[in-house]
Amino acid sequence: MHELPVVLLGLGSVGRALVRQIVGNRALHASEYGLILRLLAVTDRDGAVVSFDGRGISDAQLLDLIAYKEGRGRLADLPAGGRQDDLAAVIDVAGQPGAVVVDCTATEETAPALLYALHKKYKVVLANKKPLTIDQEGI
Ligand SMILES: NC(=O)c1ccc[n+]([C@@H]2O[C@H](COP(=O)([O-])OP(=O)(O)OC[C@H]3O[C@@H](n4cnc5c(N)ncnc54)[C@H](OP(=O)(O)O)[C@@H]3O)[C@@H](O)[C@H]2O)c1
């Protein structure tokens, strides 16, 4: 079984749908692709929940986080979460070799964090197109 570490930026409509898809399709991912997607961190605009032991946030906690965000909660206010003002630092703490950073935010402000992820040789996947529209010189 191949384990794929994932750091998810943004828990809005798209980020929450992605988490639901991951949690709801574990059996399919395992049987069809031999794949386990491990969510190492999820973030919103000023907070994050990080799996500090590197084993991934549990599915039960992920579903709780989705429900919490649907109620417009902030990850920064959760006992299991905390404030963040630097997504690159979250990637640095949570990332593992072979990680995929998924940008489901709606801001170009993720650009430095995405470049940092590439610098770490992580893969980057974007639902958010805004970082592709800015001048990357000097970031
Ligand atoms: N919705 C669609 O059907 C669709 C389809 C294709 C592509 N997209 C693209 O996918 C992306 C996500 O769409 P969405 O509908 O899920 O947007 P959304 O519901 O507005 O969610 C955006 C997420 O990004 C976070 N965020 C906003 N500003 C941030 C910042 N400066 N730093 C870090 N995080 C920040 C928000 O945090 P808070 O939760 O704290 O507000 C929220 O979790 C967008 O770029 C959109 O263009 C969307």
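Keep in mind it's a predicted model, so treat the numbers as computed, not measured. Within each chain, residues carry numbers counting from 1 in the order of the written sequence. Given that this is a predicted model, residues contribute local features only at a pLDDT of at least 70 and side-chain atom pairs are listed and counted only at 80 or more, while totals for whole chains, interfaces and linings are drawn from all residues.

Colleague: Would you mind showing me how to read the packing of helix α1 (residues 13-24) against helix α3 (residues 59-70) here?
Modeller: Relative placement of two packed helices is described by the angle separating their axes and the distance separating the axes. Axis separation between α1 and α3 bottoms out at 10 Å; the angle between their running directions is 155°. Put simply, α1 runs roughly antiparallel to α3. Crossing of α1 against α3: the hand is left-handed. In this structure, α1 uses Arg-16, Val-19, Arg-20 and Val-23 to contact α3, whose residues at the interface are Asp-59, Leu-62, Leu-63, Ile-66, Lys-69 and Glu-70. Residues that form the contact of α1 with α3 fall into these classes: five nonpolar, no polar and five charged. Each axis is a line fitted through C-alpha atoms, taken for helices only over the stretch in contact, and angles between the N-to-C directions span 0 to 180 degrees. The numbering of helices and of strands both runs from the N terminus, where a helix is a DSSP run of H or I of at least 4 residues and a strand a run of E of at least 2. Should an angle fall under 35 degrees it is called roughly parallel, over 145 degrees roughly antiparallel, and 65 to 115 degrees roughly perpendicular, with every other angle called oblique. For any helix crossing, the convention is left-handed if the near helix is rotated counterclockwise from the far helix by under a right angle, and right-handed if that rotation is clockwise. Two residues form a contact once the distance between their C-beta atoms, set from the backbone, is within 7 Å. Each residue gets one label: Ala, Val, Leu, Ile, Met, Phe, Trp, Tyr, Cys and Pro are nonpolar, Asp, Glu, Lys and Arg are charged, and the others, such as Gly, are polar.

Colleague: Looking at this structure, I do not really get the site of the ligand. What am I missing?
Modeller: The C-beta atom of each residue is placed using the backbone, and any residue whose C-beta lies within 6 Å of a molecule or strand is treated as near it. Close to the ligand lie 15 residues; Gly-12, Val-14, Asp-44, Thr-105 and Asn-128 are nearest. Its residues assigned to classes, the shell around the ligand shows five nonpolar, seven polar and three charged.

Colleague: Mind showing me how you'd approach the pairing of strand β3 (residues 47-50) here?
Modeller: If a strand is regular, its side chains alternate between the two faces of the sheet. Burial in this document is a count-based property: other C-beta atoms within 10 Å of a residue's C-beta are tallied, and the residue is buried at 20 or more, exposed at 12 or fewer, or partly exposed in between, with C-beta positions derived from the backbone. Residues Gly-47 and Val-49 line one face of β3 and the alternating positions Ala-48 and Val-50 line the opposite face, and both faces are buried. For two strands to count as paired, DSSP must find a minimum of two bridges between them. In the sheet, strand β2 (residues 35-43) pairs with β3 via three bridges, with the strands oriented antiparallel. Residue pairing across strands places Ala-41 opposite Val-50, the latter belonging to β3. Taken together, β2 and the strand that follows it, β3, pair antiparallel across an intervening segment of three residues. Relative to strand β4 (residues 82-83), β3 runs antiparallel, the two sharing two bridges. Within β4, the residue paired with Gly-47 across the bridge is Arg-83.

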